[in-house]
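These are the residues of each chain, in order.
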Amino acid sequence: MMFWKKVCSILLATLLALGTGTLASAAEEPTLRIVSVTTHPGESVDVAVEIVRNPGIIAALVQISYDPDVLTLTTVQDGGLLGTGTMVPGGDKTAVPYNVLWSDSLSTTNHTQDGILVTFTFQVREDAPLGDTTVSLTCSSSSCFNCDLQPVSFQTQSGTVTVTSSGAHTHEYTSVVTPPTCTEKGYTTYTCSVCGDSYTEDIETIPHTEKTVRTEPTCTAKGEEYTACAVCDERLSETQEIPALGHDYDCTVTKEATCTETGAATYTCSRCGDSYTEDIETIPHTEKTVRTEPTCTAKGEEYTVCAVCDERLSETQEIPALGHDYDSTVTPPTCTEKGYTTYTCSACGDSYTDNETDAPGHKYSSAVTPPTCTEKGYTTYTCSMCGDSYTADETEAAGHKYDSVVTPPTCTEKGCTTYTCSACGDSYKSDETEALGHSFGAWVVVKEATQTEAGQKRRECSACAAFETLPIPMLPTVAVRNFQSSRTVDYRTTITFAAVVNSPVDGAEVHWFVDGKDMGTGDTYTVKEAKKTFTVQAKYMQDGKTLAESETETVSVKTGFFAKLAAFFKALFRKLPVLVQEYVGMEKLR
């Protein structure tokens, strides 16, 4: 009970210290201090936390802070002063501040050694500035405990990491050029990338960069041109005069001239837009002929006019009538209608008839249709000229003359008697008898079932070629889900195995065998807190007979000292919340 009391008290006090962040005691002794060191940019450096005048502790929590722009934490190394105590460093090494916790809850005596409690290894950044950077240390008055669970106060001292240049070196200069102009010199600045030493060298001015300055001439004004410096605008040549261009007119007709009105043309300069207008003289009449065509019975006429203003330009000329132009079409007589000739004008469509002829009458021929078994006979009379027809001279139907044929029944078809007329082929069936049905023999296995394929059985009819087949189900299989032929697990691990059965059989069950012993039935089997190596196998059984069995899996259990210790602490941490609650409750009852 005393052991659990210590564990719970240390955990509760440590959690309180992490939450409150209480400042270190101002007492002179004992002391936790950072050991100051000197290093160079880009190097790795160890920074130690040292205990001086240790009064005796079994648990401690320290916290460091530093400038991450200068230092990067890479390693945390336990100094071993707390014996079997476990050091628990913070998970994220980039966290600032950074916490480290020690706890030796199994110890009944204090650790009183002075020396290095922990060593932090930093990587100094390549671009770290020269000079001192502080590594500060914090340890609150409730963060350290002795074996009696009494808090122990420490005075804390921060330290420094001094970053210095690496000593004598060969300058490694980089250059930055400030270019010259045509009026001012340039210079190159050389700076040592190691120590920062720098100096400059002049660069002479450069020649003027000529540019042409031109004022373009217009239609009416002169232009000019000279050269100047493109950088400083100094004039470098005399001004040259450029003559005026004069106007460049384009003509656009703004009003078309007609035979009755003058038009207008506008002239516009393409460069400056200056414009003026001139008249366009009237144009001659454009003649067109107006014609009224003559018909078969009416005269026509023709004259000319202006196509623009419609003014008549000539006298009217008369065109004589054309007269009819008849074409003839003969319509011959039919058996019942007269014949005639139709005369039609090809120009205007006027028409009349003439030259009639009399109808000649029908000329009939006869065709005899004899009677059938069910239909009467008759004679058809048809006109050979126009196709007109009629029937006469009917005779009575002859009636059927049937012959009979007997069809006996089969396994699947009914029997019957078929009656067929010998004269016309008409037929019907009568006197049906029922089908006999199949006469099947015994079932015969034609393909045995396996664990991967279904089988088949067959029986045949003794009277015909008919047969029937039925599938035989696949044999069952059983396997352990996520099977591994062998695997290794931690001490006191609980494992659940699950069976997968294919092609199940009514009344069959999965039996679990551990080290060859039948442990019972079920789709799953659980081994609780395994403490030794064992084998497991699933068998699919019915009435004591094994139908299928899985492969055997070997589970090796880690049984060494450290494996058992790890299992102990796992169980301990699972119970801690309950134990802490019980402990707090007991403390309240006191």
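Attention in this report is confined to the structure presented alongside it.

Rules used in this analysis
- All residue numbers refer to position in the chain's written sequence, counted from 1.
- It should be noted that, the model being predicted, local features are given only for residues of pLDDT at least 70 and side-chain atom pairs only at 80 or more, the latter also being counted only at that level, while totals for whole chains, interfaces and linings use all residues.
- Heavy atoms throughout the structure, all of them, feed into the side-chain values; hydrogens and water do not.
- Every helix listed is a DSSP run of H or I at least four residues long, and every strand listed is a run of E at least two residues long, numbered separately from the N terminus.
- Burial here depends on accessible area, computed with a 1.4 Å probe over protein chains only, as a share of the maximum for the residue type. Under 20% is buried, over 50% is exposed, and the range in between is partly exposed.
- Whether two residues touch is decided by their heavy atoms; if any such pair falls within 4.5 Å, the residues are in contact.
- Here the Shrake-Rupley method, with its probe set to 1.4 Å, supplies the accessible areas, and only the displayed protein chains count as covering residues.
- Residues enter a nonpolar core if they are buried and are Ala, Val, Leu, Ile, Met, Phe, Trp, Tyr or Cys, with the set joined through side-chain atoms within 4.5 Å.
- The rule for pairing is simple: two strands pair if DSSP sees at least two bridges between them.
- Each axis is a line fitted through C-alpha atoms, taken for helices only over the stretch in contact, and angles between the N-to-C directions span 0 to 180 degrees.
- Only four residue types enter the tally: Lys and Arg on the positive side, Asp and Glu on the negative side; His and the chain ends are excluded.
- Just to be clear on terms, a salt bridge is a Lys or Arg side-chain nitrogen sitting within 4 Å of an Asp or Glu carboxyl oxygen.

Right, let's get into the overall build of the chain. A count of helical and extended segments in the chain gives two helices and 44 strands. Out of the 590 residues in the chain, the part that is buried amounts to 27%. The contacts in the chain between residues at least 6 apart in sequence include a share of 51% that link residues at least 24 apart. Total accessible area on the chain is roughly 37000 Å²; 50% of this is exposed by carbon and sulfur atoms.

Turning next to the nonpolar core. Core analysis: the biggest nonpolar cluster contains 36 residues, and L32, W102, F120 and F122 have the highest contact counts within it. When contributions to this core are tallied by element, the ones reaching two or more residues are β1 (31-34), β3 (44-52), β4 (59-65), β5 (71-78), β7 (98-103), β8 (115-124), β9 (131-138) and β11 (159-163). In terms of residue count, the dominant contributor to this core is β8 (five residues). Counting residues in each nonpolar core, the second largest holds 23 residues, with I495, F497, Y540 and A563 among its members.

Strand order in this open sheet of three strands is β24-β25-β26, and the pairing throughout is antiparallel. Each edge of the sheet is formed by a strand with only one pairing partner; in this case those strands are β24 (326-331) and β26 (351-357). Adjacent strand axes in the sheet meet at a mean angle of 20° when their direction is disregarded. Pairing of strand β25 (residues 339-345) with β26, which is carried by five bridges, proceeds in the antiparallel orientation. Bridge pairing in β26 places Y343 opposite Y352.

As a further point, take the pairing of strand β20 (residues 275-280). Here strand β19 (residues 263-269) runs beside β20; their pairing, made up of six bridges, is antiparallel. Bridge pairing links T268 to S275 in β20.

Here the amide bond leading from V96 into P97 is cis, since omega sits at 0°, within 30 degrees of zero. In the Ramachandran plot, D233 falls in the positive-phi region, its phi being about 70° despite a non-glycine side chain.

With that settled, consider the side chain of K539. Position of K539 among the secondary structure elements: in strand β42 (residues 534-542). Buried charge without a salt bridge: K539, with E549 as the nearest opposite-charge side chain at an N-O distance of 4.1 Å. If we skip the residues at most four places from it in the chain, K539 touches V478, E509, V510, H511, F513, T546, A548 and E549.

The tally for this structure, following the rule as stated, stands at 20 salt bridges. Between R487 and E553 there is a salt bridge, with its nearest N and O atoms 2.5 Å apart. Pair noted here: R487 is in strand β37 (residues 486-489) and E553 is in strand β44 (residues 553-557), with a separation of 66 residues, a long-range link. In this structure E553 comes out as buried when scored by relative accessible area, which is 0%. Put simply, R492 and E529 hold a salt bridge, and the shortest N to O gap is 2.9 Å. Within this pair, whereas R492 is found in the loop between β37 and β38 (493-502), its partner E529 is found in strand β41 (residues 524-530), the two being separated by 37 residues in sequence. Judged by relative accessible area, E529 falls into the partly exposed class, the value being 30%. Connected through shared salt-bridge partners, R214, E216 and E225 make up one network.

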